[in-house]
Amino acid sequence: MALRNLRIEGDEILNKISRPITEMKDRYQELIDDMLETMYENEGVGLAAVQVGVLRRIVVIDIGEGPVVLINPEIVESDGEQTGSEGCLSIPGKAGIVTRPNHVKVKALDRDMKEFEFEAEGFFARACCHEIDHLDGHLYTEIAEGDLIDVSAEADDEEFEDFE
Ligand code: ZN
């Protein structure tokens, strides 16, 4: 396994549409392992292949309940609404307020190319929507309300100084 370089906002690959996986290959298995390692190293809860420069429909998510690998994922049902703060490894140090469905049903293939379906709620549903958006070239900043919030460590320090 190896860490991959994250693509950062402004890199035009992030606006491109990823292509489906039609056949599992060793290099995709390796990519999935690298994506997981890169996500954990950067303390993210999700990562799409395009964020490491590969235009394929692969997503990894771990909201603290173990890794989930989604190949060619599709949201087949969604309902409810949640509004909350969202960040992205491709937009470091920032967060935005984004409204998403509170409940989604997702259809995908696992890394053995077996189809499965699951339901996600709350934060997990948000992560699924965010990552699947990446596969169609969309970033959360397109739908965030108002200005992005600075959440970098530096900003935290400044805020702390103001309190003193
Ligand atoms: Zn993202």
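Whatever comes next refers back to the structure up there.
Okay, so let's go over this structure. (Residues numbered from 1 in each chain as written. Predicted model: local features only at pLDDT ≥ 70, side-chain atom pairs only at ≥ 80, totals over all residues. Heavy atoms only, no water.)

1. Some points on the overall build of the chain
Across its full length, the chain carries three helices and eight strands. The order of α-helices and β-strands along the chain, N terminus first, is α-β-β-β-β-β-β-β-α-β-α. Against the globule reference of 15 Å for 164 residues, the chain gives a C-alpha radius of gyration of 16 Å, in line with a compact fold. Considered along the principal axes of its C-alpha atoms, the chain spans approximately 55 × 35 × 30 Å. Taken across its 164 residues, the chain has 41% of its residues classed as buried. Looking at the chain as shown, the accessible area adds up to about 8900 Å², and 45% of this sits on carbon and sulfur atoms. Once the 15 positive and 39 negative side-chain charges of the chain are each reduced to a mean point, those two points are 13 Å apart. (Helix = DSSP H or I, 4+ residues; strand = E, 2+ residues; numbered from the N terminus. Rg over C-alpha atoms; globule rule 2.2 N^0.38 Å. Buried < 20%, exposed > 50% of the residue type's maximum accessible area, 1.4 Å probe, protein only. Areas by Shrake-Rupley, 256 points an atom, 1.4 Å probe, with all protein chains shown as cover. Lys, Arg positive; Asp, Glu negative; His and termini not counted. Charge placed at Lys NZ, Arg CZ, Asp CG, Glu CD.)

2. Here's the deal with the sheet that holds strand β4 (residues 82-86)
Judged by pairing direction, the sheet is antiparallel, and its three strands sit side by side in the order β4-β5-β8 without closing on themselves. Sheet topology places β4 and β8 (145-150) at the edges, where each strand pairs with a single neighbour. For this sheet the average axis-to-axis angle between neighbouring strands, irrespective of direction, equals 25°. Across three bridges, strand β5 (residues 94-100) lies against β8 in antiparallel orientation. Its bridge partner lying in β8, Ile-97 is registered against Glu-145. (Pairing = 2+ DSSP bridges. Axes fitted to C-alpha atoms, helices over the stretch in contact; angles between N-to-C directions.)

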